[in-house]
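# Examination of the molecular architecture
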Amino acid sequence: MWTETSGIIGVGYEGHDISSFIHHLQPWKVDVLVDVRLNAISRKKGFSKTALSAALADAGIRYEHLPVLGNPKDNRDGFWAPGTKAAGFAHERYRELLLADSAHAAIHYLAQLAATEHVALLCFEASEACCHRRLVLEAVSAEASALSRT
């Protein structure tokens, strides 16, 4: 879902400092980074909302936070164990959360945004296999397909 002028990818900051993270984004020509953490705070220097937004702005990247797409703390453990029963339950619960009107509106917004700009979805985990952002990307892809049929 990535073209020369638009699209969406997922990124995690695990294993990065703020400088290497921004350097990692540059080849993708990211226009906007959308934070899908429930709470945009981090013990890792540079990755809390205010500091991250400022560092991205210095690199010419807009920052947006969509907490409505965050994964509740009590649903995270299953994501860290891909392929397990716990993962299945966690994924199903998160997919149910995406059915809420507010989450669907955010998915719709992301699909429209990705039609015209390079968008990176941010969460902590380096591997999308261990992160809810994979499910957000799937939902955005499905929404983009639905929009293109209308």
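With that settled, consider the overall build of the protein. Within the protein one finds five helices and four strands. Listing every helix and strand of the protein by position from the N terminus yields β-α-β-α-β-α-α-β-α. Here the C-alpha atoms of the protein give a radius of gyration of 15 Å, agreeing with the 15 Å that 2.2 N^0.38 yields for 150 residues. Dimensions along the principal axes, computed over C-alpha positions, put the protein at roughly 40 × 40 × 25 Å. Excluding contacts between residues fewer than 6 apart, the proportion of contacts in the protein whose partners are at least 24 apart in sequence is 75%. With the model as given, the accessible surface of the protein reaches about 7,900 Å², and the carbon-plus-sulfur share is 57%. Looking at charge distribution, the protein has the averaged site of its 15 positive side-chain charges lying 5 Å from that of its 17 negative ones.

With that settled, consider the side chain of His 16. Position of His 16 relative to the elements: it lies in the loop between β1 (7-12) and α1 (18-25). Among the polar contacts made by the side chain of His 16, one reaches the side chain of Ser 20 at a distance of 3.0 Å. Here His 16 is in contact with Phe 21, His 24, Lys 44 and Phe 47, once residues within four sequence places are set aside.

This part covers the pattern of salt bridges. Within the structure shown, the criterion is met by six salt bridges. Between Arg 37 and Asp 35 there is a salt bridge, with its nearest N and O atoms 2.7 Å apart. What makes Asp 35 buried here is its relative accessible area of 0%. Glu 138 serves as the salt-bridge partner of Arg 95, at 3.6 Å between the closest nitrogen and oxygen. Of this pair, Arg 95 sits in helix α3 (residues 85-97) while Glu 138 sits in helix α5 (residues 133-149); the two residues are 43 residues apart in sequence, bridging distant segments of the chain. In the salt-bridge network here, residues are joined through shared partners; they are Arg 95, Arg 134 and Glu 138.

All right, on to the sheet that holds strand β3 (residues 62-65) then. In space, the four strands of this open sheet follow the order β1-β4-β2-β3, with parallel pairing throughout. Lying at the two open borders of the sheet, with one neighbouring strand each, are β1 and β3. Taking each pair of neighbouring strands and ignoring which way they run, the sheet shows an average axis angle of 25°. Relative to strand β4 (residues 118-123), strand β2 (residues 32-35) runs parallel, the two sharing four bridges. Residue pairing for β4: Val 34 is matched across the bridge by Leu 121. Contacting β2, β3 and β4, helix α2 (residues 49-58) crosses the sheet at an angle of about 155° to β3. Helix α4 (residues 101-114) rests against β1, β2, β3 and β4 of the sheet, and its axis sits at about 140° to β4.

Before going further, it helps to examine the side chain of Glu 125. Counting through the fold element by element, Glu 125 comes out in the loop between β4 and α5. Despite its burial, Glu 125 remains without a salt bridge, the nearest opposite charge being carried by Arg 133 at 4.8 Å. A polar atom in the side chain of Glu 125 sits 3.0 Å from the side chain of Trp 80.

Analysis parameters
Residues numbered from 1 in each chain as written. Predicted model: local features only at pLDDT ≥ 70, side-chain atom pairs only at ≥ 80, totals over all residues. Heavy atoms only, no water. Helix = DSSP H or I, 4+ residues; strand = E, 2+ residues; numbered from the N terminus. Rg over C-alpha atoms; globule rule 2.2 N^0.38 Å. Contact = heavy atoms within 4.5 Å. Areas by Shrake-Rupley, 256 points an atom, 1.4 Å probe, with all protein chains shown as cover. Lys, Arg positive; Asp, Glu negative; His and termini not counted. Charge placed at Lys NZ, Arg CZ, Asp CG, Glu CD. Polar contact = N/O pair within 3.5 Å; in protein donor to acceptor, adjacent residues only side chain to side chain. Salt bridge = Lys/Arg side-chain N within 4 Å of Asp/Glu carboxyl O. Buried < 20%, exposed > 50% of the residue type's maximum accessible area, 1.4 Å probe, protein only. Pairing = 2+ DSSP bridges. Axes fitted to C-alpha atoms, helices over the stretch in contact; angles between N-to-C directions.

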